[in-house]
Amino acid sequence: MTGTLTATLALLVWGAAPASAGGPTSVLLVSPESMETASLYYSDKDYGELGQLLDSRSTGTREKPSEADLAAARQVNVTWMAHDVTPWRLDQIFPVDDGRDVWIRTASDLDRPTNGSWHRADHPTELRALLKGLGLMGKASADTAAKAAEATEAAEATEATPARATRSGHPTDWWWALPGAAAGAVLALILRPYVARLPMDRLRRGEPGPRQELRDV
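Just so it is clear, the model here is predicted, and its values are computed rather than measured.

Asks: Teacher, can you tell me more about the sheet that holds strand 2 (residues 36-41) here?
Replies: Hydrogen bonds between backbone groups are what pair the strands of a sheet, and the pairing can be parallel or antiparallel. Taken together, the 6 strands give an open sheet; going across it, the order is 2-1-3-4-5-6, and neighbouring strands pair in antiparallel fashion. Where the open sheet ends on each side, the last strands, each with one partner, are strand 2 and strand 6 (117-120). With direction set aside, neighbouring strand axes in the sheet form an average angle of 20°. Relative to strand 3 (residues 76-82), strand 1 (residues 24-31) runs antiparallel, the two being bridged by 6 bridges. The partner of Leu 29 across the bridge, within strand 3, is Val 78. With respect to the sheet, helix 4 (residues 124-133) is in contact with strand 1, strand 3, strand 4 (86-95) and strand 5 (102-107), its orientation differing from that of strand 5 by roughly 75°.

Written out as structure tokens, the structure reads:
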């Protein structure tokens, strides 16, 4: 009986899943561009495959890759959960549209936002196929596309606005001079009749007060 109990206990311990000991149990995947989500449990086949595809033999680098490599790439956020409630690791996947590279940023210390390292996926084709199979590689949503278009138009309008330099050296739009010019024109029309009534010799000499003339009687 003792031998039977020992063998049974050994089988239970050997066959227990790692999650029962308090390890990772689930993962949440989110594609902000296409507004698609997916989730996997530790017992799913894709769960283990995803972990293997995100890991790399290389040590990675702390420096972010050039913006040219990520300018045309979508982003997929992968959050690994412990006990289904506590995030303990974050992978940010950037599959470039041309299909050559897939950049991954991995951070395990989520209390420090600057913590993390970058590396290229060892098997980008397989990783891209897995993400597509999970429904995370769809087209950009209408809201996302509209916001991107509005941001682009705003940036182009700002660059195209004409400006000039004032005496203080700060750029000023040319149309600020229009109110001053209009006010000067109106003032000139109002004062013109009064100026025309003044004697020309008084205007030229500019001497105030009445003038007297002495005559020999």
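Having seen the structure, we can now continue with the description.
Asks: Explanation requested: the pairing of strand 4 in the structure shown.
Replies: Each regular strand displays side chains that alternate between the two surfaces of the sheet. Two strands pair when backbone bridges link them, and strand 3 and strand 4 are joined in this way by 7 bridges, in the antiparallel orientation. In the sheet register, Met 81 faces strand 4, and the bridge partner there is Pro 87. The antiparallel pairing of strand 3 with strand 4 creates a hairpin that spans 3 residues between the two strands, and His 83 there sits at a positive phi of about 60°. Where strand 4 and strand 5 come together, 6 bridges link them in antiparallel fashion. From the neighbouring strand, Leu 90 faces strand 5, where its bridge partner is Ala 107.

Asks: Mind showing me how you'd approach helix 2 (residues 45-54) here?
Replies: In an α-helix, one full turn covers 3.6 residues, which means residues spaced three or four apart are oriented alike. For helix 2, the complete set of buried residues consists of Tyr 47, Leu 50, Gly 51, Leu 53 and Leu 54. One side of helix 2 carries all its buried residues, which in axial view fall inside an arc of 165°. Facing away from the buried surface of helix 2 by more than 90 degrees, the exposed residues are Lys 45 and Gln 52.

Asks: I would appreciate a short explanation of helix 4 in the present structure.
Replies: Among the residues of helix 4, Pro 124, Leu 127, Arg 128, Leu 130 and Leu 131 are the ones counted as buried. Take helix 4 and look down its axis: the buried residues cluster within an arc of 160°, on one side only. Among the exposed residues of helix 4, those oriented more than 90 degrees off its buried face are Thr 125, Lys 132 and Gly 133. Tucked into the core, helix 4 has its buried residues touching strand 1, helix 2, strand 3, strand 4 and strand 5. Downstream of helix 4 by a residue or two, Gly 135 has a phi angle that is positive, lying close to 80°.

Calculation rules
Residues numbered from 1 in each chain as written. Predicted model: local features only at pLDDT ≥ 70, side-chain atom pairs only at ≥ 80, totals over all residues. Heavy atoms only, no water. Pairing = 2+ DSSP bridges. Helix = DSSP H or I, 4+ residues; strand = E, 2+ residues; numbered from the N terminus. Axes fitted to C-alpha atoms, helices over the stretch in contact; angles between N-to-C directions. Contact = heavy atoms within 4.5 Å. Buried < 20%, exposed > 50% of the residue type's maximum accessible area, 1.4 Å probe, protein only. Arc of directions from axis to C-beta.

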